[in-house]
Amino acid sequence: MPHQPACFTPTDTRLRRATWTTMAQFFVNGATFATWGVLIPSVKDRFSLSDAWLSVAMLAVAGGALLSMGRCGKWLAKVGSARGLRLAGMLYAAALLAIPLMPVFPLLVLLLLVFGTAMAAFDVAMSVQAALVENARTKPIMSTLHAMFSIGGIAGAALGAVPGLSPLAHAIVVAGLTLAVALWGGRHLLPDALPHDTQQHTDGDRHARRMVLVLGCVAFMALVCEGGMYDWAAVYMRDVAQSPAAWVSYSYAAFSTGMALGRLFGDGIRSRLGGLRTLTASATLGALGIAAAAALPAPATTIAGLLLAGLGMANLMPIYFLAAARVPGMNAAESIAAVARFAYVGMLVGPVMIGGVADHAGLRLGFVGVALVMTTIALFGARPVRRFI
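Notes on the structure follow. (Residues numbered from 1 in each chain as written. Predicted model: local features only at pLDDT ≥ 70, side-chain atom pairs only at ≥ 80, totals over all residues. Heavy atoms only, no water.)

What about the overall build of the protein chain?
Rules: Counting from the N terminus, the helices are the DSSP runs of H or I reaching at least four residues and the strands are the DSSP runs of E reaching at least two. For the radius of gyration, the atoms used are the C-alpha atoms, and the globule rule reads 2.2 Å times the number of residues raised to 0.38. Burial status follows relative accessibility: with a 1.4 Å probe on protein chains alone, a residue under 20% of its type maximum counts as buried, one over 50% as exposed, and anything between as partly exposed. We call two residues contacting when some pair of their heavy atoms lies within 4.5 Å. Every accessible area reported is derived by Shrake-Rupley at a probe size of 1.4 Å, with residue values counting cover from the shown protein chains alone. Neither His nor the chain ends is counted toward charge; the positive residues are Lys and Arg and the negative residues Asp and Glu. Here the site of a charge means atom NZ of a Lys, CZ of an Arg, CG of an Asp or CD of a Glu.
Secondary structure summary: the protein chain contains 13 helices and 2 strands in total. Taking 389 residues into account, the globule formula puts the C-alpha radius of gyration at 21 Å, and the protein chain, at 20 Å, falls close to it. For the protein chain, the C-alpha atoms occupy an extent of roughly 60 × 50 × 40 Å along the three principal directions. For the protein chain, the residues scored as buried account for 52% of the 389 residues in total. Partitioning the contacts of the protein chain with sequence separation of at least 6, the portion at a separation of at least 24 is 86%. Of the roughly 16700 Å² of accessible surface on the protein chain, 68% is carried by carbon and sulfur atoms. Separation between the mean location of the 27 positive side-chain charges and that of the 15 negative ones in the protein chain comes to 7 Å.

Written out as C-alpha cells, the structure reads:
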C-alpha cells in the first residue's frame, strides 16, 4: 500500500502536478454526476416511467453510495487513494456510459447501484487526495478544489444543452473524460499519509471514532440546509415570494452562484481569517441569508438571501472534510467516508424534513428552521474542528 512516511515532502513540481490532477478529479466528478442528472428525463421517456418509478432510479444512486460508503473507506485504507481513484474512476466512467444502453429498467436500477458505489469511492478517494495536497502546501486550497466540482457540474449540465447531442453521445464524452483523468492522473497523485497517531489500543480508537461521529453530525446539519436549498429554493420563489414565472429559476441560480463564488474565494478568506473564524463567519452569513429570505419573501430579497446563503454554506463541507482527514488515530479514508455518509444522509433527508414542516406549517417556517440550524452551526460548529484546522 502506497503510504508516505511522516517526513515525506513532495517537490514543488510534484506538488504542482498533484494539485492540478486533484482539480481535474473534482471537475470530472462534478461533470459525471451532472450528466446523470441531465440523463434522467431521457431515462423516464425511454422506459415510460411514472414519477414514482423514476424516484426508484434516483434512490438507487443514493442507496448505492450510502450502503457502500463504509466499505469504500476500508478498501481505500488498504489500496491507497491514488490507486482507488484510478479503479473507482474506471468503474464510474463505465457505469455512466452504460446508463443510456440499458435495455430494461431492472438492469438499469442494478447499474445505478453500481454507479452510486463508484461515485462514493471516487468521492472519498478524491477528498483524501485533497487533504494530502492541502497539508503539503503553504496556502489553503480545499475550497478551490470543491469549486472545481461545481464548475464541472455546470460544464456537464451545459454539455447536455448542445443542439443535436444525444444522451449516449453526452455520456460518451463525459465518461471518456473521466476515464482519461482516472488513468492519467494516478501517477501524479500523492501517496497516502500515515495516520497521525498509530496507536491501536481500544481507547484511542474509540476516541477517534467519537470525534468523527461529532464531525459527521455537524456535516449532517450542514447538508440538511444545503440540500434543502437546492430542492426548495425554486418552490419558495414561486409559492411564497410570489415571483413572476421568469424569475423562478433565478432562485436556484442565485444559490448555486453563491456556492461557486464562496468556494472560489474561500481559500483566500481562510488564509486571512483562519479556519475557525471562516467557519463561524460562513455559517453566520448562511443563517442571515436564509433569515432574510424568510423575513422578506419578495422576489428581489429572496434572490439576495439565497445568494448570501450560498456564499455562507459554500465552505462548510470543505472545512469539515479537511478536519476529518486530520483526526488522529484513524485512517483518513475511513474518517472521510464516515463523515461523508452523514453528509449524504443530510443531503437526502434535508428536503424531506423541510417538506414535512412546509406541509404542516408552511414553507416560510421551513426556511426559518433552516436558518436556526445554520445559527446552531455558527454557534457550536467550530468546536469539533478546533484541534484540526
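Let's pick the thread back up.
Remarks on a nonpolar patch on the surface
Where we set the bar: Only residues whose relative accessible area exceeds 30% and that form no salt bridge are eligible for patches; like-charged ones are grouped when within 9 Å, while nonpolar side chains (Val, Leu, Ile, Met, Phe, Trp, Tyr) are grouped when within 5 Å. Salt bridge, as used here, is a side-chain nitrogen of Lys or Arg placed within 4 Å of a carboxyl oxygen of Asp or Glu.
A grouping of Ile151, Leu261, Leu264, Phe265, Ile269 and Leu273 is seen on the molecular surface, where their side chains present a nonpolar patch of about 500 Å² in accessible area. When residues of the nonpolar patch are assigned to their parent elements, the largest contribution, 5 residues, is made by helix 8 (residues 248-273). Mapped onto the elements, Phe265 comes out in helix 8.

Some details on unusual backbone geometry
The phi dihedral of Ser48 is positive, around 50 degrees, even though this residue is not glycine. Take Ser48: it is sitting in the loop between helix 1 (12-47) and helix 2 (51-79). Under the relative-accessibility criterion, Ser48 is labelled exposed at 65%. Phi is positive for Gln242, which is not a glycine, with a value near 55 degrees. Summarising the element assignment, Gln242 is placed in the loop between helix 7 (202-239) and helix 8.

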